[in-house]
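One letter stands for each residue in the lines below.
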Amino acid sequence: MKLSLLLLSMLTGMFLQAQNLSVIGNPNSVPNGITQARFNSVFKGESKNWDNGTKIKLALMRSTTETGKQTCSKVYLMSCDDVTKFWLRKAMESNTVAPAFFNTIGELQAFVSANPGAIGIIDLSAPAAGTRLITIDGKRAF
């Protein structure tokens, strides 16, 4: 009985820690919606420009934040250390610009708002002023 309660408590805690993530973009240059394939290409540094020619600028939360940890797990399917290594390797091998990393959602939203082509991942479903929610295959969160 105690083991069952402990297991249930652990599973409930894991469920509560998982959060929905949303994608926001600069409203002047990032499309309203993209496919999952395009999302993967953008966030793995394979796509360098939007269809309108604007350079893509990635904005991510630092891996020390809960949103950053969730991004590593859900988007990259890697540990945070492995995501850091991925971007270091990518920047050296293909002259790709690594994402800008932020400590707060507010900082990330301000960056996306101020930079044409910027796109970022947050843990909120409503974007801040100067940004817009980007759907992935029609979904507002993942």
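None of the values given here were measured: they were computed from a predicted structure.

Procedures and definitions
- Residues numbered from 1 in each chain as written.
- Predicted model: local features only at pLDDT ≥ 70, side-chain atom pairs only at ≥ 80, totals over all residues.
- Heavy atoms only, no water.
- Core = buried A, V, L, I, M, F, W, Y, C linked by side-chain atoms within 4.5 Å.
- Buried < 20%, exposed > 50% of the residue type's maximum accessible area, 1.4 Å probe, protein only.
- Helix = DSSP H or I, 4+ residues; strand = E, 2+ residues; numbered from the N terminus.
- Contact = heavy atoms within 4.5 Å.

Asks: Any chance you could break down the nonpolar core for me, citing the residues and the numbers?
Replies: Formed by 22 residues in total, the largest nonpolar core has its most connected members in Phe39, Phe43, Tyr76, Ile119 and Ile121. Counting residues per element, the ones that place at least two in this core are α2 (36-43), β3 (57-61), α3 (66-76), α4 (80-94), β5 (118-122) and β6 (132-136). The leading source of residues in this core is α4, at four residues. In contact with Phe39, other than residues within four places in its own chain, are Val23, Ile34, Val75, Ile121, Ile136 and Phe142. One finds Met61, Ala118, Ile122 and Leu133 within the second-largest nonpolar core, a separate group that totals ten residues.

Asks: Kindly report on unusual backbone geometry, identifying the contributing residues and their values.
Replies: Negative phi characterises most residues that are not glycine, and trans characterises most peptide bonds. Even without a glycine there, the phi angle at Leu77 is positive, about 55°. Among the secondary structure elements, Leu77 is positioned in the loop between α3 and α4. The residue Asp137 is not glycine, and still its phi comes out positive at about 50°. Note on placement: Asp137 falls in the segment after β6.

Coordinates in, geometry out; function isn't part of it.
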